[in-house]
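Remarks on the overall topology
One letter stands for each residue in the lines below.
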Amino acid sequence: MHLPSSLLIAAPLLANVSAEPIRIPQRDVSVVSTSQQLAVRALPDSPSGGYAPAVVDCPKTKPTLRKALDLSNEEKDWLSIRRKNTIEPMRDLLKRANITGFDSETFMNEAAKNISQLPNVAIAISGGGYRALMNGAGFVAAADNRIQNTTGAGGIGGLLQSSTYLAGLSGGGWLVGSLFSNNFSSIETLLSENKVWDFENSIFKGPKEAGISTVNRIQYWSEVAKEVAKKKDAGFETSITDYWGRALSYQLIGADMGGPAYTFSSIAQTDNFQKAETPFPILVADGRAPGDTIISLNATNYEFNPFETGSWDPTVFGFAPTKYLGANFSNGVIPSGGKCVQGLDQAGFVMGTSSTLFNQFLLANISSYDGVPDVLIEAVTSVLKEIGAKRDDVSQIIPNPFLDWNNRTNPNADTLELDLVDGGEDLQNIPLNPLTQPVRAVDVIFAVDSSADVTNWPNGTALRATYERTFGSISNGTLFPSIPDDWTFVNLGLNNRPSFFGCDVKNFTLNANQKVPPLIVYVPNAPYTALSNVSTFDPSYTMSQRNDIIGNGWNSATQGNGTLDSEWPTCVACAVISRSLDRLGRQTPAACKTCFERYCWNGTVNSKDTGVYMPEFKIADAHAQDSGAVAIGKMVNVWSSVVVGVVAATLLL
C-alpha cells in the first residue's frame, strides 16, 4: 500500500489500512487539527518552579516508608476505579476477536460483577535506546483504540485501554515517561506535534529551535547546565544523569525547556490518572551496592511509580513516597523537626535514572573520534575523569531514603546515598519484575522486546534473565514461566514472531503462598517492513527512519494487520482471558487451543549454534523493501557535539 507523503505523519493510523501492513509517511504539521495537538501538562509541581528540589514543610501526617507486604493504599484505591474502567474496552476487544465457542458478552457480564475474575493485563516495554522507544511506540499505537482503524480487521485496538499497568525501562522508560509527561497523549498526537519526538537533531546538538551552530549549541547546553546548577546550589548532589535527563527532556516533554519543573509524582494529580483513564505507569532501575561495578541478577530491582519508589526484593522490601524522595528518612521516618523535600523526582531525572547506560555513552573515550579539537578533548576528558572518580557515573538519590532500613539485608542501609543504574544492566531488559509480583495479580504481560542481543535483534536473553532470577532467594518466591536458551529462540523462530510462555498452568508446581505467574506474550522486534535493528547508541534519526521503525512496531503488534495471521486478534484475546478461564474452571475454547498450539512454546529445545543471525523481511513487498527499510544503525559521529555541550555546561558551573 502506498500513501502520499503529504498526509499527516499518523495518516496510516487514520486511513483504511485493514488487512494490510502500514507505512508511516513524512508528516505535514500544517494539516494537524487543534484537537490533535499536544495537551500541555497542567501540573509541573516542583516547588522551586524549576529543576531543583526544594525543602518544604511536611504535611501534618509526615510521610513514612512502608514494608512491601502489599500494595499501597493509594494503588489499591486507584485500582478499584481502573479495573472497572477496563471492562468496556475489554468487552469490545473480546467481541471483535470473535472467539468461536466463547460467549464474550456473558463472560464480561460475570466479570463485571466480580472484578477478581476480570483479566488483569499489563504491557512491558523493554530497553534499547531510541530503537526501544520507537518500536514500543508502534505497539502502543496499535493497541490504542483512540487511533482510527485500530479496531478494524486485524487490529488490536483497545488492548491499551484494557490494560492495568504499563511499565518501561531505559528506552522503553522514555516512551512511558513521555506518554505520561504529555497527559497520556496518543502516539498519533505525539508524532503530529513539533515539540516532541523530533530525533533528527541528536540531544547533543539540541532542538531545532536552537539551531545546529556551535554558538547556539552552547546556548542550548547553557540552559541544561543552569538548571542542573540550581539543583547543586540548593544543596543536592548532581551527576551525569542530571545532564542526561535534562537534555533528554527537550525531546520527550512538550513544554518549554523540556519541563524542568515536571515531576513523576505529579502524574498522580492529573485528571485522567485520578479518574483511572490510563494504565498505571512504572519505570524500573537497578540498585548498585557499595563497591560493586558489575550488576548481577542479585542486584536489587527498584521501581518508580506515581505514588512510591522502592523494591519488592527481600534486600530492601520497602517503599518510600515518590513525592518526598530527598527527604531525610532514617529507619523509615523523618526525624522530629525534620523537613520534607519535593521535586527530586523530576520527570527527566527519573527517565534518566532508568537509562544510566547512556551515561557511559557520554563518558566514552571521545579521543577515539575524528574531528574533535584537541583543546576541547583535553577539557572534557579532565572533567569527565573527575566525575567518574567521584562515582557520579550513576544516578544518585541523596539522602538515601532507605538509610537504616532493613539493616540485615539491605546493602545500602548504612550509606548516605542510594546509587541506581540502568534497569537493564542485570540483563532483565524487559521490566517484568514489578508486573510478576503476586500482590498485583497480573494475568498476562505483553512483553515488547527491542533488546540488541544478536545483530541488534533480541534472542530472549531478557526473558531468560528474569526466569533464571527466580532460582535465587532474591526473587522472594515469585515464579516465572520456563524460558529456553538463546539459540533455541533463534532456531525455533521464537525471536522472529510473537511467542507465548507459561500457557499451561498445570506445568507450575506451587509451594505454600505461591501463585501462578502471568502468561507472557513475547513480542520481539523483527524485520516486518523495516530493518529496525538500529544501534542502541544511534542518537539521531531522520523522520522517515523514525516513522519506518514505528510502523514496523505496529506491524509486529498486529502481524501486519492480519496479513501474516488473520487470526492474530483472536489469539491476543485468548491470551487475555486464559488465566481467568482457569480461575473459573472453564474449558479453553477450541479457537484458543488452536492459537496456543501455534504460539505457545511447547518445550522443544534446539541449542545448536547456527552462526550469524540475519533475518529476512517478514512482509517483503516491493514498497517495504524500497522505502520501509532502515539500514542497520551505525554509530554517528556526534562527539564534537558532545564536547561542545559538556564544555559549555562545565564553564557555567
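Under an unreviewed UniProt entry, the name given to the chain is Lysophospholipase, and the organism recorded is Neurospora hispaniola. Here the chain is described in UniProt, under the heading Sequence similarities (unreviewed entry), as follows: "Belongs to the lysophospholipase family." Regarding the chain, the UniProt comment filed under Catalytic activity (unreviewed entry) reads as follows: "a 1-acyl-sn-glycero-3-phosphocholine + H2O = sn-glycerol 3-phosphocholine + a fatty acid + H(+)".

1. Structural notes on the side chain of asparagine 301
As for its placement among the helices and strands, asparagine 301 is situated in strand S6 (residues 301-304). What makes asparagine 301 buried here is its relative accessible area of 5%. Within the structure, asparagine 301 has its side chain in polar contact with the side chain of aspartate 426 (distance 3.2 Å). If sequence neighbours within four positions are ignored, asparagine 301 has contacts with Ala285, Asp286, Gly310, Ser311, Trp312, Asp313, Asp426, Gln428, Asn433 and Arg469.

2. A word on helix H5 (residues 129-142)
With 14 residues, H5 extends 20 Å from end C-alpha to end C-alpha; this agrees with the ideal 20 Å at 1.5 Å per step. Along H5, 14 of the 14 residues are buried, which leaves the element largely enclosed by surrounding structure.

3. A look at the packing of aromatic side chains
One pass over the full model with this rule turns up 24 aromatic pairs. Between phenylalanine 500 and tyrosine 599 the ring centres are 5.5 Å apart and the planes differ by 25 degrees, which places this aromatic pair in the stacked class. Of the two residues, phenylalanine 500 sits in strand S13 (residues 499-501) while tyrosine 599 sits in helix H18 (residues 590-599), which places them 99 residues apart along the sequence. An aromatic cluster of at least three residues, connected via ring pairs, comprises Trp78, Tyr165, Phe273, Phe280 and Phe307. The ring of phenylalanine 349 has lysine 231 sitting right over it, with the charged end atom 4.0 Å from the ring centre.

4. Quick look at the pairing of strand S8 (residues 318-321)
Burial along S8 is two-sided: the face carrying Gly318 and Ala320 and the face carrying Phe319 and Pro321 are both buried. With two bridges joining them, strand S2 (residues 66-67) and S8 adopt antiparallel strand pairing. Bridge pairing in S8 links lysine 67 to glycine 318. Two strands pair when backbone bridges link them, and strand S7 (residues 308-311) and S8 are joined in this way by four bridges, in the antiparallel orientation. Looking at S8, one finds that serine 311 is bridged to glycine 318. Here S7 hands over to S8 after six residues, with phenylalanine 317 in that stretch at a positive phi of 50 degrees.

5. Here's the deal with the nonpolar core
In terms of nonpolar packing, the biggest core is built from 147 residues, with Leu159, Ile187, Trp197, Phe446, Leu463 and Phe500 touching the most fellow members. Broken down by element, this core gets its largest block of residues, nine residues, from helix H17 (residues 568-584). Sequence-distant contacts of isoleucine 187, that is, excluding residues within four places in its chain, are made with Ala137, Val140, Ala141, Leu175, Leu179 and Trp197.

Calculation notes
Residues numbered from 1 in each chain as written. Predicted model: local features only at pLDDT ≥ 70, side-chain atom pairs only at ≥ 80, totals over all residues. Heavy atoms only, no water. UniProt positions renumbered as here; feature names shortened; annotations may be inferred. Helix = DSSP H or I, 4+ residues; strand = E, 2+ residues; numbered from the N terminus. Buried < 20%, exposed > 50% of the residue type's maximum accessible area, 1.4 Å probe, protein only. Polar contact = N/O pair within 3.5 Å; in protein donor to acceptor, adjacent residues only side chain to side chain. Contact = heavy atoms within 4.5 Å. Expected span 1.5 Å × (residues − 1). Phe/Tyr/Trp six-rings, centres within 6.5 Å; stacked < 30°, edge-to-face > 60°. Lys NZ or Arg CZ within 6 Å of the ring centre and 35° of its normal. Pairing = 2+ DSSP bridges. Core = buried A, V, L, I, M, F, W, Y, C linked by side-chain atoms within 4.5 Å.

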